[in-house]
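Here is what each chain is made of, one letter per residue.
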There are 2 protein chains.
Amino acid sequence: MAEKIRVIVDAFGGDNAPLEVIKGAIRAVDELGVDITLVGDEEKVRKCAADNQLDISGVAIHHAPLVMAVETEPTKILKEYSESSMAVGLRMLHDGEGDAFVSAGSTGALTVGATFIVKRMKGIKRCAIGMVLPTTKEPCMVLDIGANSECRPDMLVQFAVMGSAYMNKLQGVENPRTALINIGAEPTKGRDQEVETYKLLGNAPVNFIGNIEAREIPLGGADVAVTDGFSGNLVLKTYEGMGKLISAYLKDMFGGVTGKIAGLFVLKRINAMRKKLDYSEYGGAPLLGAAKPVIKAHGSSNANAFFNAIRQAKLYIENNVITEIATALEEIKARSSEENNNG
Amino acid sequence: MAEKIRVIVDAFGGDNAPLEVIKGAIRAVDELGVDITLVGDEEKVRKCAADNQLDISGVAIHHAPLVMAVETEPTKILKEYSESSMAVGLRMLHDGEGDAFVSAGSTGALTVGATFIVKRMKGIKRCAIGMVLPTTKEPCMVLDIGANSECRPDMLVQFAVMGSAYMNKLQGVENPRTALINIGAEPTKGRDQEVETYKLLGNAPVNFIGNIEAREIPLGGADVAVTDGFSGNLVLKTYEGMGKLISAYLKDMFGGVTGKIAGLFVLKRINAMRKKLDYSEYGGAPLLGAAKPVIKAHGSSNANAFFNAIRQAKLYIENNVITEIATALEEIKARSSEENNNG
């Protein structure tokens, strides 16, 4: 029998911690056959479970007294908050006491923590957070969505390689169409960052399809859309906000008597649409480039979102995404040294 | 009797030129009581009108032989394409042969043309394109949405002042809530650009409410949302793409027999929602900072969008937006010289 996959989960990350984290963890143990260790204040976790009549006997708990709050300066995870649930969980991952780490806590702290505690893969300049977003066709991974506000072109090329490997291995996309997010299709469009990155991507081991305008992302124009963390965050947040705007409009549409009657006819479809637009169905966002699987769950994750993030961590391990990325990085290195030899 | 407002319209800008431009212009003459001059190849305009049985006797035509294509390098409007419909129209505006200019042509060329032919207002460092977007509450102006890929903080402050004046005078918003688009609420979030701009906006003559995440824009979190042209373009285009994604989902929802029955109950509401999400209802985007009113209509504008852009040009003039901006700029200057004297 194969050994069970062990997922370490930050019990005190996100707006709904620890209750929703506990619920998601219990469900994951039952349905996914994984081992879960919840990291955080043990007494609080046990009390929360008891207060809510939740049986946590199937879940391990590893005590960590502190919580890394969202507003805390990210670098403090390394010293003042080295006993926070996030820092302790990341150390456990580094030390091999688990195979993956899931947290809905501060993006900045998780990036710093993963970079300095778990470390980066060999050759990776920066970790990037990739988010899989719904489109009218197949989902698209946008990255970076917030780990690095400013990036150099060679970092963006690595993001493209990592996103491409992820979408191939985890989402089963054959030869993922990889695009650079820009304000126009022509290679000369955008800032210096885009012009330079465009040139480099042409020679990277990805299926580079050129620039993509943000408008084309929801319409399924690419499988992987690459940009810096500031720009990616704007795209992601606009996506989210528009999803909420639509929900508000739909509520209007199906309110009142006639609206409710209409709603009865298309209830299933409304729910399918809501589900499609609901980030919690897509699990968390991988911190690509970390030496081991680290998954950032959305700050407002509910039990379903935590469950999906854990499921994603499991797939990440089972599909050897990290090995895949390492192979692609070797290829970049080989190509560039070949060029240097020829040049 | 007051003199009629004279609007110059580029007959060869946008994907649907010249037919939709002509239609919008005819309607504007009828309904808005403005004088319109269409600029472009006269023979082609007359032929298009005749082919479509349109009576253009109420519209003036000013001949210009060339068209500034979207893919043409923007700076060429100054020399090789100085006889294009866009360049000729801008010169007419500069020379006082009209009170405002409307074009659905290349954003880049219009920015260069307005800057060098019409010139900027005194003290304005860069022109910015502002776009009024629908939200769950009142509409919000996002600027810059594409005139300047890279900006300095002092430029963003001017954008805030211009956007604020516009929303106040044209949309009747009392003391517009003006925000900086950023990846978090705290003053320390974002790139150097955001951190520095945040500080300056605190002392600018606008109602600065702090940083806004892109998610809050569709939810009505601000009346004016300021950023550089690269970032603003991403927000705008994601907005557009999500609007299309929703349209596709709605089509699915109200397809088939049950869907069609449901649709009958809420047809009015569906149409109201479509109208709310339809850019053409909001007219064009003003090129704020130009010495005279220049309106950029969307590249895929139809007759309705051209009509609304012309209506917007009329309001721009009637409400003295440019005078309002000039007054606010004087105030910035006074405040900063006061500070220097005190410092």
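Remember, it's a predicted structure, so these values are computed and weren't measured experimentally.

Caption draft 1: Representation of the interface of chain B and chain A. The interface of chain B with chain A comprises 51 residues on the first partner and 51 residues on the second. Taken together, the two surfaces of chain B and chain A that pack against each other cover about 4,800 Å², and 74% of this comes from carbon and sulfur. When residues of chain B are sorted by the area they lose upon contact with chain A, Phe230(B), Tyr249(B) and Met253(B) head the list and together hold 15% of the total. Linking chain B to chain A there are four salt bridges. Close ionic contact of Arg215(A) with Glu240(B) constitutes a salt bridge, the shortest N to O distance being 2.7 Å. Linking chain B to chain A there are six residue pairs in polar contact (both at pLDDT 80 or more). Broken down by secondary-structure element, the contributors of at least two residues to the side of chain B that touches chain A are helix H6 (192-201), helix H7 (229-253) and helix H8 (256-277) of chain B. The biggest single contributor to the side of chain B that touches chain A is H7(B), with 20 residues. A class-by-class count of the residues in the side of chain B that touches chain A yields 25 nonpolar, 14 polar and twelve charged.

Caption draft 2: Spatial organisation of the packing of aromatic side chains. Counting across every chain of the model gives four aromatic pairs over all chains. Over the face of the ring belonging to Phe307(A) we find Arg27(A), whose NZ or CZ atom lies 3.7 Å from the ring centre. Over the ring of Phe230(B) we find Arg191(A); its NZ or CZ atom is 3.7 Å from the centre of that ring.

Caption draft 3: Inspection of the sheet that holds strand E10 (residues 285-288) of chain A at higher detail. All names here are of chain A. Strand order in the open sheet formed by eleven strands is E3-E2-E1-E4-E11-E10-E5-E6-E9-E7-E8, and the pairing between neighbours is mixed. Both edges of this open sheet fall to strand E3 (60-63) and strand E8 (207-212), since each of them pairs with a single strand only. Strand-to-strand twist across the sheet, computed as the mean angle between neighbouring axes with direction ignored, equals 25°. Pairing analysis gives five bridges linking strand E7 (residues 177-181) to E8, with the strands arranged parallel. Each residue of the ladder has a partner; that of Ala-179, found in E8, is Gly-210. Taken strand by strand, helix H3 (residues 85-94) contacts strand E1 (6-10), strand E2 (35-40), E3, strand E4 (100-103) and strand E11 (294-296), and its axis lies near 165° from that of E4.

Caption draft 4: A look at the relation of the copies chain B and chain A. Screw-axis analysis of chain B against chain A gives a translation of 0.0 Å along the axis, an RMSD of 0.0 Å, and a rotation angle of 180°. What we have between these two chains is a two-fold relation. For chain B, the smallest separation between a C-alpha atom and the rotation axis is recorded for Ala262(B), amounting to 2.1 Å.

Caption draft 5: Expanded view of helix H5 (residues 153-171) of chain A. All names here are of chain A. Counted at 1.5 Å a residue, the expected span for H5 with its 19 residues is 27 Å, and the 26 Å between its end C-alpha atoms agrees. The buried fraction of H5 amounts to 15 of the 19 residues, a majority that puts the element mostly inside the structure. Phi for Gly-172, located one or two positions after H5, is positive at around 70°.

Caption draft 6: Broad picture of unusual backbone geometry. Cis geometry marks the peptide bond from Leu143(A) to Asp144(A); its omega dihedral reads 0°. Within the secondary structure, Asp144(A) sits in the loop between strand E6 (140-143) and H5. Here the residue pair Ala17(B) and Pro18(B) is connected by a cis peptide bond, since its omega of -5° sits within 30 degrees of zero. By the element assignment, Pro18(B) lies in the loop between strand E1 (6-10) and helix H1 (19-32).

Caption draft 7: Main features of the sheet that holds strand E5 (residues 128-133) of chain B. Residue and element names in this part refer to chain B. With mixed pairing, the eleven strands of this open sheet are ordered in space as E3-E2-E1-E4-E11-E10-E5-E6-E9-E7-E8. Every interior strand has two partners, whereas the edge strands, strand E3 (60-63) and strand E8 (207-212), have only one. Averaged over all neighbouring strand pairs, the angle between strand axes comes to 25°, with direction disregarded. Where strand E2 (residues 35-40) lies against E3, four bridges are found, and the strand directions are parallel. What sits directly across from Thr-37, in E3, is Ala-60.

Rules of the game
Residues numbered from 1 in each chain as written. Chains lettered and ligands numbered in written order. Predicted model: local features only at pLDDT ≥ 70, side-chain atom pairs only at ≥ 80, totals over all residues. Heavy atoms only, no water. Contact = heavy atoms within 4.5 Å. Buried area = accessible area lost by both parts, 1.4 Å probe. Salt bridge = Lys/Arg side-chain N within 4 Å of Asp/Glu carboxyl O. Polar contact = N/O pair within 3.5 Å; in protein donor to acceptor, adjacent residues only side chain to side chain. Helix = DSSP H or I, 4+ residues; strand = E, 2+ residues; numbered from the N terminus. Nonpolar A, V, L, I, M, F, W, Y, C, P; charged D, E, K, R; others polar. Phe/Tyr/Trp six-rings, centres within 6.5 Å; stacked < 30°, edge-to-face > 60°. Lys NZ or Arg CZ within 6 Å of the ring centre and 35° of its normal. Pairing = 2+ DSSP bridges. Axes fitted to C-alpha atoms, helices over the stretch in contact; angles between N-to-C directions. Least-squares fit on C-alpha atoms with pLDDT ≥ 70 in both. Expected span 1.5 Å × (residues − 1). Buried < 20%, exposed > 50% of the residue type's maximum accessible area, 1.4 Å probe, protein only.

Coordinates in, geometry out; function isn't part of it.
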